[in-house]
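Overview (structure and organization)
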Amino acid sequence: MKGLTILVALSLLFIGCAEKKNKVESPAVRDTSNDVPVVDVPAGPFVPPGTGPGSGPGTFNGLDFDVGGTSAFEIEGNSIQQKNFLLSEYTGRPMNDPKNMSLNVNFIKIGENNWGGTITTAYTENGQLYYWYFSSGSSEEATKYNKWFEKDGKQVFHAVLEDFEVGAVVLVIDDALDLGDGPIEDSVSGSLWFKNYGITYAPHPPTHCWFVSFKGTDTGTPYDCRPWPTSDNYNNTYLSVYPTRQSSDPYKGYKKLGSFHNLSIKKAFNGDL
């Protein structure tokens, strides 16, 4: 968020940046308030599995996807310069007339009420095609913050994912039409938020970044990507629809990357809603 992935330029700012590869293992002990799922942090870039959430490709607006739901994606900003600056912050490389920005969402139900899978952002620039993948993990513990729930009288959804290389994203669906007499309408809208780890030579902790906190200090850790942090160093997924860690410093909070519209949740959630 596959051989077409060519985001090699990110390696100039981050360690080992390209496609991403991750193998998630179920924890030996169920998650309690003190235990978090341990993952096999990839030595190289993360690539989604060949089948199930994250597989591909296919075609949408000249970009390649064949699973999940895909929609056009509008970068936040009032001018081309603002949009390109924000996108360059997200990708870690300078932008030169990017086009056809798209977002692919590919989730399946995990356990009773959790959702997991991948998110992919893609765009073309100077005739080149760029992908970037993010993964949620696949266990109930890893996906415990990825929920549909009711907030301020409407149905909303959010999920946190990471790429193990550069940072994390939060997907938000906040415009889902619920007629009250059946399922939510298929076309939904929302936004994508991002938080970069920052430039660091420290190894990624052996768990997902949304379980990481650096207790007993105000300096924090670059791998703490908790979107809804609590005073006891955990997350409250029902605290807000949007990430509550927001800051002008891209390494200390989430920034809104942009918005999407007309996303098919039937495709995005693989018919499981």
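Residues numbered from 1 in each chain as written. Predicted model: local features only at pLDDT ≥ 70, side-chain atom pairs only at ≥ 80, totals over all residues. Heavy atoms only, no water.

To continue, consider the overall build of the protein. Per the secondary structure count, the protein includes 2 helices and 11 strands. Considering the protein as a whole, with its 273 residues, one finds that 51% of them fall into the buried category. (Helix = DSSP H or I, 4+ residues; strand = E, 2+ residues; numbered from the N terminus. Buried < 20%, exposed > 50% of the residue type's maximum accessible area, 1.4 Å probe, protein only.)

What follows covers the pattern of salt bridges. Per the counting criterion, the structure on display carries 6 salt bridges. Here R93 ties to E125 by a salt bridge, and the two come within 2.5 Å at their closest N and O atoms. Highlighted residues: R93 in the loop between helix 1 (80-91) and strand 4 (99-110) and E125 in strand 5 (residues 114-125), separated in sequence by 32 residues. Grouping residues by exposure puts R93 and E125 together as buried. The residue R226 makes a salt bridge to D224 at a minimum N-O spacing of 2.9 Å. Look at R226 and you get buried, because its relative accessible area is 7%. Taking relative accessible area as the criterion, D224 reaches 6% and is therefore assigned buried. (Salt bridge = Lys/Arg side-chain N within 4 Å of Asp/Glu carboxyl O.)

All told, the structure shown has 15 aromatic pairs when counted by the stated rule. Their ring planes at 45 degrees and their centres at 5.8 Å tell us that Y145 and F211 sit as a pair that is tilted. Here the residue Y145 occupies a position in the loop between strand 6 (128-135) and strand 7 (147-151), and F211 occupies one in the loop between strand 10 (187-196) and strand 11 (255-264), the gap between them amounting to 66 residues. Its relative accessible area of 5% is what places Y145 among the buried residues. Aromatic side chains W148 and F157 sit 5.3 Å apart centroid to centroid with 40 degrees between the ring planes, which places their arrangement in the tilted category. With relative accessibility at 0%, the residue F157 sits in the buried group. Linked through ring pairs, F107, W115, W148, F157 and F269 together constitute an aromatic cluster. (Phe/Tyr/Trp six-rings, centres within 6.5 Å; stacked < 30°, edge-to-face > 60°.)

A few words now on the environment of Y242. You can see Y242 is positioned in the loop between strand 10 and strand 11. Considering only alpha carbons, one finds Y242 and W228, 14 residues apart in sequence, at a separation of 8.3 Å. Those residues within four positions of Y242 in sequence are excluded, and the remaining contacts are V172, D174, S191, W193 and W228. In this structure the side chain of Y242 is engaged in a polar contact, spanning 2.6 Å, whose partner is the side chain of D174. (Contact = heavy atoms within 4.5 Å. Polar contact = N/O pair within 3.5 Å; in protein donor to acceptor, adjacent residues only side chain to side chain.)

Glancing now at unusual backbone geometry. Glycine aside, residues mostly have negative phi angles, and peptide bonds mostly take the trans form. A positive phi angle, close to 50 degrees, is found at N126, a residue other than glycine. Its location among the elements puts N126 in the loop between strand 5 and strand 6. Overall, N126 belongs to the exposed group, its relative accessible area being 58%. The phi torsion at N270 lies on the positive side, around 50 degrees, for a residue other than glycine. Inspection of the secondary structure puts N270 in the segment after helix 2 (265-268).

Core analysis: the biggest nonpolar cluster contains 34 residues, and F107, F157, L171, I173 and F269 have the highest contact counts within it. For I173, the contacting residues outside a window of four places in its chain are W148, V156, F157, V188, S189, G190, F260, I265 and F269. Among the nonpolar cores identified, the runner-up in size contains 18 residues, and F149, A168, V172 and W228 belong to it. (Core = buried A, V, L, I, M, F, W, Y, C linked by side-chain atoms within 4.5 Å.)

All right, on to the state of the cysteines then. All told, the structure shown has 1 disulfide when counted by the stated rule. At a sulfur-sulfur separation of 2.1 Å, the disulfide partner of C209 is C225. What sets the handedness of the C209 and C225 disulfide is the S-S torsion sign, and at about 80 degrees it is right-handed. Linking C209 in the loop between strand 10 and strand 11 with C225 in the loop between strand 10 and strand 11, this pair joins segments that are 16 residues apart in sequence. Taking the relative accessible area as the measure of exposure, C209 reaches 0% and is therefore buried. Relative accessible area serves as the criterion here: at 1%, C225 is assigned to the buried category. (Disulfide = S-S within 2.5 Å.)

To continue, consider helix 1. Each turn of an α-helix holds 3.6 residues, which means side chains three or four residues apart point in the same direction. End to end, helix 1 covers 16 Å across 12 residues, agreeing with the expected 16 Å (1.5 Å per residue, within 8%). Three or more residues of helix 1 are buried, namely N84, L86, L87, S88, E89, Y90 and T91. In the segment just after helix 1, G92 is the residue with positive phi, at about 80 degrees. (Expected span 1.5 Å × (residues − 1).)

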